[in-house]
Structures are given as structure tokens and as C-alpha cells.
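# Breakdown of the fold
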Amino acid sequence: MGENFVVRKAAVLGAGVMGAQIAAHLVNANVETLLFELPAKEGDPNGNVKKALEGLKKLDPSPLASPAKLTCIQPANYEQHLEKLRECDLVIEAIAERIDWKSDLYRKVAPHLGARTIFASNTSGLSINTLAQAFPEELRHRFCGIHFFNPPRYMHLVELIACAGTDAALLDNLEEFLVSTLGKGVVRTKDTPNFIANRIGVFSMLATKHHAQAFGLGFDTVDALTGRYLGRPKSATFRTLDVVGLDVFAHVVNTMRENLTDDPWHKHFELPGWFNRLVDQGALGQKAKRGVYQKIGKEIHVLDIHTDAYRLSDSKVDDAVKEILRERDWAKKLAGLRSNPHPQAQFLWAAFRDVFHYCALQLESIADNARDLDFAVRWGFGWDNGPFEIWQAAGWQQVAGWISADIAAGKSMATVSLPAWVTEPSRAGVHTAQGSFAPSPLTPLPQAGEGGAQRREREPQYQPRSQLSVYRRQLFPDRLLGEAAHYGETIFENDSLRMWHTGDDIAILSFKTKMHAISNEVLDGILRAVDEAEAHWSALIIWQTEAPFSAGAHLLQLMQGVQEASGDQPAGLFDKLKGAAQRVKYTVAGGGGLGEIVNAATGNVPHVEEVVAKFQQVSQRLRYAQVPTIAAVYGLALGGGCEFSIHCTRIVASLETYIGLVEVGVGLLPAGGGCKEMALRAANEARGGDIFPHLKRYFQQIAMGEVAKSAELARDMGYLRSSDRIVLNQYELLHVAKQEALALTATAYRPPLQPRQIPVAGRTGIATLKAAMVNMLEGGFISEHDYNIGCRIAETMCGGDVEAGSLVDEQWLLDLERHHFMQLLATEKTRARVEYMLKNGKPLRN
């Protein structure tokens, strides 16, 4: 393959659910892509592919980073276009999971592949070596498995599986492409049925199903217990089953049953009668609008296996069990579950125990090391922590003793003992600073004479992370639980943020507040950081050690600040709000400098306005600093987080960045420079022409609180400029941000000149926007308060009560922002919106 291997063009064979979405993600990464399907029997030969492409538009969440990407997928069919495969560097087969069908397709397309084409199957569990037999022997060195998880855009995991003859350099090249270009987390797996993630994830679901029945728990109760309380997706177990599809799950279980006959848990690889009845009825889950769950009107109903009918979902978690599940220390959590006699607690302990048992016994056969198993489950099934991570965090020897005791007592799903390596007295876990445990197979040691071969003793070994060059771009890769990360050397630090460096001349600023909310201390820290960067560093990067970039303001602080400023503090209000805040934590609807209002403890309203002005000062300092400022953004960048980003010299954004000015959700408008900045961008885009068409779309986005659902959409919406960068792998953000900083400083960076003559739409623009809102108000689409907020946004963005085309400066627009922000903050309805958001975690229409 060589050093210069690049995937310039790819093809996906099969336009089903997975094939079409894989093609979508390839074009998300700007890879030219062909999507093949059987020719239609009537009409356009590409009719089947085009139907699949139309189907992509209906999927939510969208597999496409931007709707415009859809046209970049080129339809093709097997009768007319096979010769086009010769132009492709990568061909991914994604047809139905049948070896005979796949084999026939391989024989058909093999003669048309280019001399350097990599051919990979997206099988979810079929043997790669068996599939390779249908591939010409002289091409098998370019054949492998490449298993994406559904939905491919959002699931981080891709499993990479070699066949016996796969070229090692090919796998290295493919891994680098998957990691950096497609943004994936790659785990190399052994060629065993269902590989790693499905093998462990599906076993976990089978164990959950088994113990739920044993302890008499309903599906909705199980889901209430096995979701976020355990650090797993909200869809938990049976809702996940509906999302995946009961037919798909059945196929995976059947693969295990047919191919793992020696597995000690083999008797549990069966699907119960209720499951098979649902499949026979076509109740396959979400895609059929009925499965384990069914939505009837606005109510969610769940299958009751005792009556074989649906009932209203009404899950209840026992209070004592709930307290155990809220414990963050895994040692205390598992000990509490094991010792509590309540069926819900015993169910959870049993499920954990059997998954730990299964992972320990199967590790050697399915994975190269424990890290690969943990990352496969985390990235493929959305767990916060992998099975071995949890076990190790809970106390390896203690948990191993509990598992062994339960096996001896006949409580485990299988009677086989734990492997010897698990119970070694010196073992404290499987993840160490040197690497992760890799159980090496016993190897024959030749002996003289007729005695044959003696087995060599196992030597424990710990495998470090991959040394492929692509991982040097991940300055701080995804960590295992308890794995230390040294974030450089501190320049200065306080309770709210830290400024640091990694040994070069680029400074990095990271927030320490929850959800990286913007407090008054954060504002002061940013101002200090910009001063420090200008004095001693070549550039300043704002990058968080974990998502989100910033989810906006702490609404409890807002309410405290408002009540203190007004002198109105109803008895018990703040205790009630604190409890609500603990439930919903930090909402995403704040921003624009709201959080820092808590510091107006004097009850002096003008002081509140001074704090808002400080937020505007921060945004302007980021824009006009004497060194480049770069926002490295991943996850939520809402309200104030968005305002910081759009004022930096550059944004380097992960594809999965969700950015927007959402202050209307709590009855306010962006007051940290957001309205000003979008008005300025509209004026620049007009290039001396009519401002209003450009301004109108920005007004609508702010007035509707619209959030871009990808970095590509953020660019379409104007939050990202053409000079801003989009990175598909979030772990490369800091590396790319540093490269941007180096490029900017290499050209003797100077900040932009401050515009002093910004044309505005004036009262004509305000009148036009108000007229549109009046129609919405009369039609019942918005409330009176929505209209009030919209009018104030319009007045701010149009430059106030001036003639159309009047020239103003940035400070004029900032003053308007601040004025209207304070006016809205004084209204009872805005305060009600903030309080409602705190209590319920969703916006109030009032």
C-alpha cells in the first residue's frame, strides 16, 4: 500500500439502512462516494439507490452533516457501473448478512477492482476468513472486515478485522483513514462470531433479559434501572432493542447460537416466546412503530409478558435502590447492590456479575487486550465505562471473590470458573500505566523424545496503545477510567479555569465550571488570559478537556441574581430551585453573560448591567487580541459559548458541534456580542447592497433559538466562516487548533481593524420584521412575550430607530444589546421562563 495511500474515492455496495448511511458519512468527510444497488426492474435503473437516498432525508438524527451533502452521493447499479469500481481506493460491501449472497457479489465485482483497491465487508459478525474464501486468492491480501455501528455518523466505533492473508500495511493505512478522515475509534478484533462489541453488548442484553424474568421485573422497570444510573444510554436495554430492531437483534443472537456451540453460556443464546411472537407479528421496534414499546397518542405503553398485551409504562425504582445507584463510587455501588435484598438490587448485581464473568472468560479468544474490549463496548454501545473499567474501579479482588462465591453457589448463568489470571493475588486490575492486560495463549515448547510438546507457562503482558502515526494527532486521547492525563504545565489557575501549555509557545485556556458555564470568575479569567497571551505567548486556544465547549449559563445563579437585585426573595424559593437544579443540572438555554448576574449581590441593578458589559468586553478582547485566538469546539456551544466562539480569530470545530444563540428559550436575547456580530456579518455579506435579506436569516435563527446540528450546518447558518476548520475526530481538535495557530503566526498575525461604519437596516428593517411577527402572533404561532422578545432582537440587529443605511459602530450595537437585555430581564414573563427551565429542563411558552 505504501506511505502515500489516500482514499480519494470510495464505493459502498448495498443501499440498505447501513450501506446508505455509511455512504452518507463518507461524503460528510468529503470523500467522493458511489452507492451501488441492484438495478430497478422498471424505469430508471438507479431507482433503488435513489429511493434509498430519499430515505436518508427522513432519518432523525440525520446521517448527513448538511442536506447539501446528499447530492454528493453518486447512484450506481451492478449492471451498468461496475467498471467505475476500478477508480475507487476503498470498496465497502454492506449487503444482507448472508454468506452466499456476499460470496456471489464478491465473485461478480472482483474482476473490476483497481490494482490498489481495498475491499472490506461491513459484516456485523460473519467470519471474515470464511468470506475471504469467495475472494480471488491473489486479492485476499486486500480484503478485511470493517464493521461500522448504527448510526455510522454518530457511533464512534469501527471494528477492523483481518483475514489470514490481509496485508499488515493495508490495515495500518485503513485504520489511519478511519481515525482521522472519518473520525472513528478503531478497535482491531479477532475473527470470532460477532467480534467484540456485539459479542459482549448482546450478551449483556441477554443476561439482563434472563435476570429480569428471574426477578419478575417489567421491561420499563428494567430500562429505568439500566440507563443513565449505570452510565449507559437513556434507551437502556429494551428501548435500545426497539431502536436496533428486533429482527436485527435476533440475527445477531442466532449467529451466536449457531457458531458458539462450545460457549459455556450457549443455552442462554435463545430468544423467548414473547420475542418471537413480536417478530412474527412484524412488531420489530421503532421502524414498525411497535415492539417492546408502543406509543399510543402521547402515551408510551409497554408489553406485559404475563398478559401478552400492552399497558401504560409506569416504571418505579425503589427508593433505597435509587440511593445506591446515585453513588458514584463503583466499589460502594456494587457492594450496595449485592447486599441489598430488594429484587431490583439483586437483579442489577446479577447482571453485572455475569457480564464480568463472561468478559473474563472470553477476553483471550475475542480481543488482543482488555483495553480493546472496554473501548469496543463504550464506543459501540454508548457506555460511559467498559466492563473491566467498572470491575477494576470497584476493587478487582473483592469483585472477583464475589463472582467466585456466586459461581460456587450456583447463582451464575454458567458454572465455569474464572480464568486463573483473574484471581492472581497480585492483580489489582487490567489497566496499568504500562498498558492493558493481554492474556497470551499457551504455546507449545518442543521437547526431545516421544513426549510430544509441553505447554509453556503464560507470561502476563501489558500492551501499550497503538504507535501508528495518526495517534500522534490525538494529544489527549480517550481515557480509561482511572487513567491519568497530564494536561501540560500551569500558567495560572483558579476555581473556574486554568491557563496552561504543553511545552511550546501556545497557551491553552480550559474552563473548570460544570458544563463549562460562564461565571463572572470565568470572564475575569479570560481577560487575564488574553493579557497574559499578548505578553508572553504566540496564540491562545480555548479548549475544554471534555465536552461540552460551553452549554450556557447556570440558571439557578440567574434566578438568585434577579431576586437579589429586586429584593424579592420568597421563602423556600432557592431551596426548591437548588433541588431542581440538582435534578436537571445545567440547562443549555442560558448564555449571553447570564450566569454572572449572581455576582450582583448588592441588589444594585446598574451593577448587573456592568457585568453584562464585561461579557461584551470579553468577546471584543477575543476578537481584537494582538495574538490569534482560537476556539476548539466540540459538543454544545450555546448562548455565551457560541458568542465566545464567533468572536475568536478561528473556530476549529468537531463535526459533532451543536452551536447556536438560544437565549430566547429563557426570554432573553444574546447580550455578549451575539446580536452585534450577526448584524455585522450581514452587513459584510451585503457588500454594499441590500442588507435585509442577509440580516433576515440571522434574525430568524436568533429569534427561533435555532441550533446547528453539525459543524457543517453551523457553516451554512453563518456561525462558522469559510476560514474556520471542521475536524471529524474530536480527539484531534487541539492538534488542529495548534496547527491553525502556527499558520496564523507564520504570517506575522495582526488583528482585524475595528469597523467604524457598519450599515444597518434601521427602522425600515424593524418594521418589516415586526410585520412578519404580527402575522405569526395573530396566527397563534407565537405568544405576546415571544413577540416582545422578537421586537427587541429586531431593534438591536437593525441598529435601532435610525434611517435604513445609517452607519454605526460596534459599540452602538453592543449598547442596544445590553439595553434590551436589561429590559427583558425586568419582565415577570422572562423570570417565569427562567424558573420554569430550572424546574422542568424545557422552555416555557408564556
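See above for the structure.
Now for a quick tour of the structure. (Residues numbered from 1 in each chain as written. Predicted model: local features only at pLDDT ≥ 70, side-chain atom pairs only at ≥ 80, totals over all residues. Heavy atoms only, no water.)

Helix and strand counts for the protein stand at 29 helices and 25 strands. For the protein, the C-alpha radius of gyration of 29 Å lies close to 28 Å, the compact-globule estimate for 846 residues. C-alpha extents for the protein along the principal axes are approximately 100 × 65 × 60 Å. Counting across all 846 residues of the protein, residues that qualify as buried make up 56%. The contacts in the protein between residues at least 6 apart in sequence include a share of 72% that link residues at least 24 apart. Carbon and sulfur atoms make up 50% of the accessible area of the protein, which amounts to about 34900 Å² in all. Separation of charge centres in the protein, based on 89 positive and 96 negative side chains, amounts to 2 Å. (Helix = DSSP H or I, 4+ residues; strand = E, 2+ residues; numbered from the N terminus. Rg over C-alpha atoms; globule rule 2.2 N^0.38 Å. Buried < 20%, exposed > 50% of the residue type's maximum accessible area, 1.4 Å probe, protein only. Contact = heavy atoms within 4.5 Å. Areas by Shrake-Rupley, 256 points an atom, 1.4 Å probe, with all protein chains shown as cover. Lys, Arg positive; Asp, Glu negative; His and termini not counted. Charge placed at Lys NZ, Arg CZ, Asp CG, Glu CD.)

Here the focus is the sheet that holds strand β20 (residues 539-543). Pairing is mixed across the open sheet formed by seven strands, whose spatial order is β17-β18-β19-β20-β21-β22-β23. What marks the edges here is a single partner per strand, and that holds for β17 (489-493) and β23 (725-727). This sheet shows a mean twist of 25 degrees between the axes of neighbouring strands, independent of strand direction. Relative to strand β22 (residues 650-660), strand β21 (residues 629-638) runs parallel, the two sharing eight bridges. For L638, the partnering residue across the bridge sits in β22 and is G660. (Pairing = 2+ DSSP bridges. Axes fitted to C-alpha atoms, helices over the stretch in contact; angles between N-to-C directions.)

Under the definition given, this model contains 51 salt bridges. For D247, the salt bridge is made with K287, and the minimal N-O distance between the two is 2.9 Å. Taken together, the positions of D247 in helix α9 (residues 246-259) and K287 in the loop between α10 (273-280) and β9 (293-296) put the pair 40 residues apart, joining distant regions of the chain. The partner of R623 in a salt bridge is E677, with the nearest N and O atoms 2.9 Å apart. (Salt bridge = Lys/Arg side-chain N within 4 Å of Asp/Glu carboxyl O.)

Overall, the coordinates contain zero disulfides when judged by the stated rule. With no disulfide partner, C144 has as its closest neighbouring cysteine sulfur the one in C163, 7.9 Å distant. Here C791 is not cross-linked by a disulfide; its sulfur's nearest cysteine counterpart is in C798, at 11 Å. Looking at C791, the relative accessible area reads 8%, which means it is buried. (Disulfide = S-S within 2.5 Å.)

Turning next to the pairing of strand β11 (residues 309-312). Where strand β10 (residues 299-304) meets β11, four bridges bridge the pair, whose relative direction is antiparallel. Note that in β11 the partner of D304 across the bridge is A309. The loop that links β10 with its antiparallel partner β11 comprises four residues; one of these, D308, has a positive phi angle of about 60 degrees.

The subject of this paragraph is helix α17 (residues 520-536). Between its first and last C-alpha atoms α17 spans 24 Å; for 17 residues at 1.5 Å apiece the expected length is 24 Å, and the two agree. Here α17 has its buried residues at N520, V522, L523, G525, I526, L527, A529, V530 and A533. (Expected span 1.5 Å × (residues − 1).)

Applying the stated criterion across every chain, the model contains 35 aromatic pairs. Between F119 and F143, the aromatic rings sit 6.2 Å apart at their centres with planes inclined by 20 degrees, giving stacked as the arrangement. Taken together, the residues F119 in strand β5 (residues 118-121) and F143 in strand β6 (residues 143-148) connect sequence positions 24 residues apart. As far as the burial class goes, F119 and F143 line up, both buried. Between W330 and F352 the ring centres are 5.7 Å apart and the planes differ by 75 degrees, which places this aromatic pair in the edge-to-face class. Taken together, the residues W330 in helix α12 (residues 330-339) and F352 in helix α13 (residues 343-366) connect sequence positions 22 residues apart. Considered together, W330 and F352 belong to a single accessibility category, that of buried residues. Linked through ring pairs, W330, F352, F356, F388, W391, W396, W421, F437 and Y462 together constitute an aromatic cluster. One cation-aromatic arrangement involves K333 over W330; the distance from NZ or CZ to the ring centre is 4.5 Å. (Phe/Tyr/Trp six-rings, centres within 6.5 Å; stacked < 30°, edge-to-face > 60°. Lys NZ or Arg CZ within 6 Å of the ring centre and 35° of its normal.)

One way to see where empty space is left: roll a probe the size of a water molecule over the atoms. The full count for this structure, using the stated rule, is three cavities of 30 Å³ or more. For the largest cavity, the calculated volume is near 60 Å³. Those elements giving two or more residues to the lining of the largest cavity turn out to be α6 (197-214), α8 (238-244) and α10. A per-element tally of the lining of the largest cavity places α6 first, with three residues. Among the residues forming the lining of the largest cavity, the class breakdown is seven nonpolar, one polar and one charged. Size it by volume and the second largest cavity reaches roughly 50 Å³. Every residue along the wall of the second largest cavity is listed here: S204, T208, T226, L230, R232, L348, A351, F352 and V355. In terms of residue count, the dominant contributor to the lining of the second largest cavity is α13 (four residues). (1 Å grid on protein atoms, 1.4 Å probe; cavity = no way out; pocket = protein on both sides within 12 Å on 5 of 7 lines; lining within 4 Å. Points joined across faces, edges and corners; volume = space filled by probe spheres on them. Nonpolar A, V, L, I, M, F, W, Y, C, P; charged D, E, K, R; others polar.)

Running from N to C, α6 and helix α14 (residues 370-381) point in directions that differ by 70 degrees, and their axes come no closer than 8 Å. The pairing of α6 with α14 is recorded here as roughly perpendicular in orientation. Seen along the crossing, α6 lies across α14 with a hand that is right-handed. The residues of α14 that touch α6, namely those facing A197, N198, I200, G201, V202 and M205, are L373, A376, V377 and F381. Its residues placed into classes, the contact of α6 with α14 shows eight nonpolar, two polar and no charged. (Parallel < 35°, antiparallel > 145°, perpendicular 65-115°, else oblique. Left-handed = near helix turned anticlockwise from the far one by under 90°.)

Counting 84 residues, the largest nonpolar core has F249, L334, L337, L373, F388, W391 and W421 as the members making the most contacts within it. Ranked by residues supplied to this core, first place goes to α13 with twelve residues. Contact partners of L373, with chain neighbours within four places excluded, come to I196, I200, C359, L363, I366, P387 and F388. Residues C642, F821, M822 and L825 belong to the second largest nonpolar core, which totals 83 residues. (Core = buried A, V, L, I, M, F, W, Y, C linked by side-chain atoms within 4.5 Å.)

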